[in-house]
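If you want the building blocks of each chain, they are given just below.
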Amino acid sequence: MMVHVRLLIAGLVLLTLAACDNQPPITIGVVLSSEGQAGAQLAIDELNESGGINGRPVALRVAAAGASTLAGPALAAAESLTADRSVVAVVGHSNSSASLSASQIYNARRLVHIAPTSSSPMLTIAGPYTFRMVGSDIHQARFLADAVMSGPGPHRIAAIYVNDDYGHALYREVRRQLTYRGITTVFHAKYAENRDISHPSEVIAGLVAAGATHLLWLGRSPQLMAITGSLRSELPGLRVIASDGTQNATALRNHGGALTGVRVVSFLSPDTTSANTASLRARYRATSNQPFTAEIALAYDAVRLIASAVRAAGTDRERVREYLAGVGTEHPAHRGASGDIRFDGDGDPRASYHLVEIAAP
Amino acid sequence: MPRSPNPRVSLRRLLVGGALAMATVAAVVMVISATYLVSLQRDADRDVRAGLVEQETADDIVAAVYGQIMASYRQLQMPSTANMERFDSLGSTAFDHLRGYLFQDMSMAARRQVEAIRELHQSLEVDAYDAFEHAKGGHQSRAHAGVVQLELRANELETSVDGFMELRDRDRAARRDHQAAIRWRVVVGVALVTVSLIVVTLLFIRLLQRHVVNPLDQLQSTAMEFGRGNLSVRVPKQRHEEMNNVSLSFNVMAARMQQAHHQIELQNVELNGALAGLKDAQQELVQQEKLSAIGLMLAGLAHELNNPLAGILGAAQCLRGELQEHADPGVRRLGDDLVDPLVTQARRAGELVRNLLLFSRKSDAERETVNIKTALDVAVGLRGYAFAQAGKDLILEVAEDLFIEVEAQRFEHVAMNLMTNALDAMVSGGGTRLLVRGIALRDRVVLTFEDDGPGFTEPERIFDPFYTTKPVGTGTGLGLTLVHRFVTEVEGSIAAGTSSLGGARIAIVLHAAEAPPPALAVTGEHRATFAIAQGLPSPGRSRVLVVDDEPALREVQRRILTRLGHDVTLACDGAEAVSILEADEFDIVITDIRMPGALDGVGVYRWIQAHRPSLADRCLFITGDIVHSVAGGSLDIPAERVLAKPFDVHEYGALVTDMLAEGLCSPSIASVS
């Protein structure tokens, strides 16, 4: 009799283990640029190497290209990811326009998304299911204003910004901060997202005519790289300070040295003594020869953060959100490669900015 | 049925309350639904207002964009910081408005449309700036071309905005339709719920009414009917088990109660019969007790009357004797004229007293041979005066030798009742005489009481208990009933009808009895003159002791005995008599029976029996109440030795002489008890 009971128990255990092995992977959606995807993938690989989350493997579901930066595709990607019940959370999108547009879908359908690099002030009020890894541009504007005003004068400040949710809002905030400091911009120009400045010579002529001493670049690196050569020749003493949107692998590679000397806002501390950052950098470089950017670290941290939430709260979307909302309050701060992560009541982390000068290649 | 002091909530009230509760629920549902509908309407109104606001916003966007176009034109014509600021300001307005849609609830298509408009606007602004730069660089044609492009973009943007608004309108229309559908569904649902509630309530009420309330009403009415005395009523069979069980239980209980009631009724009838019998017996007992009381009273009265009567009669007779021996014929005539009537009246009074005593004598429930004539004489003696007073005749035509075996006293009562009834009828209704006849008819004796009075109006009812034609308070209605009972008990027959004289007739037929031996009749008559008629010689001078508490009687006896030549010694009570007897010898003792003191005549006789046994046979007893003379004990003495007061002097003397002479004969012994 006892033999039969033992056999029965053993069979039940085997069945349970088999069921566990056949459990579907935990899926995390990713809507990022290539750099962000690399960081997310690194996190996924490390998680799976260490046994997954609660014994379950983790998988990424990567959205179509363009969804990370464009609003239209971002809406479609959000709709698709929210409909997939296996997706427990989303890391994305890359820029503020895409994140803002998609945030309403995520919030309406109750799926957490963590935007690693979106800094638009409007994202703070996007909803309880929206989190981000960087502070609001309200803080960056102050930082930029302080940065541009530091050093000896005169301070004839020009601004060129990408005319989207990111650049438009950042420029507005910067201008407000400069106004608080008694400074008005001597020149400003705007360009469209994903388009080059159509008439760079006119822009440079405008900068020259305005006698700008400082240029606040509130945009992307390709467009800056396209004009820095001319800028240096026309305005050799021009001090260029770029916002965080400029920092990417391309900028850090600094092919041709176009961006040499440009100071860029970085979310990562240049201090290489940060163990987590150094470790991640080392691991990343082991898998890729691309420059290690803030987006990589922030995407990596976002995935690890989601993994922590799922490990603690399970795969229920609502419980994942509740966990993330309590990071830094009810739950310990997340020690990430980008630093300690704590969310306030709006899902915003504590803002941390560093000004990094792009070195010569 | 009386209401209980704490009336319970009736089922009907519960039903009504339930219906009201249902109605309240329905009303609450309706109110809630109405509130929801109102809120839906408010949402719809809000939507409409939001639509209007959106339209305004859209108009503002378009206006801002076109404002930017205008500013662009001005900037190209007259570049200035103000124009640029105006352009930027309008651009910010449009940007803010467009981003204002971000947090609104809209369809995916609308969102995509907004993003497209926004991107369009952003491109428009960049293009404007390019145009401005062209203008600054002196490239006017490029600048104008840029502005024309701006116009196209503005138109495109306006079209996109219109398209967006259409989408929004469509969304709102869809929402309105959806809300309208919801409202309709709510209204229909509420109506259905309300109607269903009402129908269910009514059905429930009807169901309860049919299956609970009605059966309960039926049970109640049946119970009330049962309570009113209709014990045969039952609850009909019910449809449902529970109610049927209640009905069955009630019916079983009712059947048992009916049976018990029937038993009780039967017992009641028996009890009533027994009670009637008891009442009759009580009436009879009361009557007998009354009679007994009267009898006792009469006995006492008779005794008290007999003594003086004896004195009067004795003295009168002695006087008569003295006057008869007077030489003067005139004196002798005095005896005839004056003393004889005295003697007659005294005898008459004594006879009356004796009849009263006989009438009052308790029935000893033993039948005895009774002479009808003698018994009727007693009744005549008691009722004759009343007839005489009323001027009616009471005539007896009864043979002397008719005997019956009955309780003498009761027979006398029967005769008294019949005579009294006849007299009362004649007094109230007319008539002059009652004729009482008695004849022998083979082994029967037939007695008839006939009068010429008004007769019987309901002869078949006259023997019924309590039936009377007399005025209230003058009769119990039991007289003839007792007559009937007496006749029935002696196995006789009685019939009532109309007399040949025109009045009432009652005929009684009884079994005839043989005549008793001629020696003795219980009425106390004794042949005191027997010895005188036989001519026995006088015993000579004897010593006689007379014991009597009445001085007059002592004197009369002394005179009588002295005339007979005896020596008389007188004693006034038993104690004196005993003391005399102790001291002296006597030949005969004549003693009254009832005397005051510790020793009465019986006591003296006992003493004689104990101390002078030879004298016991020579004791003569005199009593005023021959019937009730001795209380307790019995004295075995011949009846001849008992003389009733008032006595005849001759009878007295003859009895004394007989006793003193040898050869005294006394065939029966009267037991005086």
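By convention here, each chain's residues receive numbers from 1 onward along its written sequence. Chain letters and ligand numbers both follow the written order, the letters beginning at A and the numbers at 1. Note on the predicted model: pLDDT of at least 70 is required for a residue's local features to be given, and 80 or more for side-chain atom pairs to be given and counted; whole-chain, interface and lining totals, by contrast, use all residues.

Digging into the interface of chain B and chain A
At step 1: Placing C-beta atoms from the backbone, we regard two residues as in contact once those atoms come within 7 Å. The partner chain A presents 21 residues to the 20 residues of chain B that form the contact.
At step 2: Looking at the side of chain B that touches chain A, the elements with two or more residues in it are helix H2 (81-100) and helix H3 (108-136) of chain B.
At step 3: Each helix is a run of DSSP H or I of at least 4 residues and each strand a run of E of at least 2, with the numbering of both proceeding from the N terminus. Looking at which element gives the most residues to the side of chain B that touches chain A, the answer is H3(B), with 15 residues.
At step 4: In terms of residue class, the side of chain B that touches chain A is made up of seven nonpolar, four polar and nine charged. The classification used treats Ala, Val, Leu, Ile, Met, Phe, Trp, Tyr, Cys and Pro as nonpolar, Asp, Glu, Lys and Arg as charged, and all other residues, Gly among them, as polar.

Points about helix H7 (residues 200-210) of chain A
At step 1: To sort residues by burial, count the other C-beta atoms lying within 10 Å of each one's C-beta; a count of 20 or more means buried, 12 or fewer means exposed, and anything in between means partly exposed. C-beta atoms are built from the backbone. Within the sequence span of H7(A), burial applies to A:Glu202, A:Val203, A:Ile204, A:Gly206 and A:Leu207.
At step 2: Turning to H7(A), the residues buried within the fold contact strand S6 (157-162), strand S7 (187-191), strand S8 (214-218) and helix H8 (221-234) of chain A together with H3 of chain B.
At step 3: At the C-terminal side of H7(A), A:Gly211 shows a positive phi close to 70°.

Considerations on the nonpolar core
At step 1: In these notes, a nonpolar core means any group of buried Ala, Val, Leu, Ile, Met, Phe, Trp, Tyr and Cys residues linked to one another through C-beta atoms within 7 Å. Membership of the largest hydrophobic core comes to 146 residues, with the highest contact counts inside it found for A:Val303 and A:Ile306.
At step 2: No other element matches helix H11 (residues 294-313) of chain A, which puts 13 residues into this core.
At step 3: Residues contacting A:Val303, with those up to four places away along its chain left out, are A:Ile28, A:Ala40, A:Ala43, A:Ile44 and A:Val91.
At step 4: Judged by nonpolar contacts, the second largest core, of 47 residues, contains B:Leu305, B:Ala577, B:Ile590 and B:Ile622.

Overview of the pairing of strand S11 (residues 619-623) of chain B
All names here are of chain B.
At step 1: Counting buried residues in S11 gives five out of five residues, a clear majority hidden from the surface.
At step 2: Both faces of S11 are covered, namely the face carrying Cys619, Phe621 and Thr623 and the face carrying Leu620 and Ile622.
At step 3: Relative to S11, strand S10 (residues 588-592) is paired through four bridges, and the arrangement is parallel. Residue pairing in the sheet places Ile590 in a bridge with Leu620 of S11.
At step 4: The handedness rule is simple: strands pointing away from the viewer, and a clockwise path from the first strand over the helix to the second, make the crossover right-handed. In this fold, the crossover linking S10 to S11 by way of helix H13 (residues 601-611) has right-handed handedness.
At step 5: In this analysis, strands are considered paired if DSSP registers two or more bridges between them. In this structure, S11 lies alongside strand S13 (residues 642-644), joined through three bridges in parallel fashion. Its bridge partner lying in S13, Phe621 is registered against Val642.

A closer look at the confidence of the model for chain B
Residues and elements named next belong to chain B.
At step 1: pLDDT expresses, on a scale from 0 to 100, how confident the predictor is about each individual residue. Averaged over every residue, the pLDDT of chain B is 83; residues scoring 70 or more account for 87%.
At step 2: Scored below 50 in pLDDT, residues 520-537 shows 28 contacts in the model against residues more than four places distant or in partner chains.
At step 3: Taken as a whole, residues 663-673 scores under 50 in pLDDT and shows 27 contacts with residues more than four places along the chain or in a different chain.
At step 4: Predicted complex metrics record ipTM = 0.85 and pTM = 0.54.

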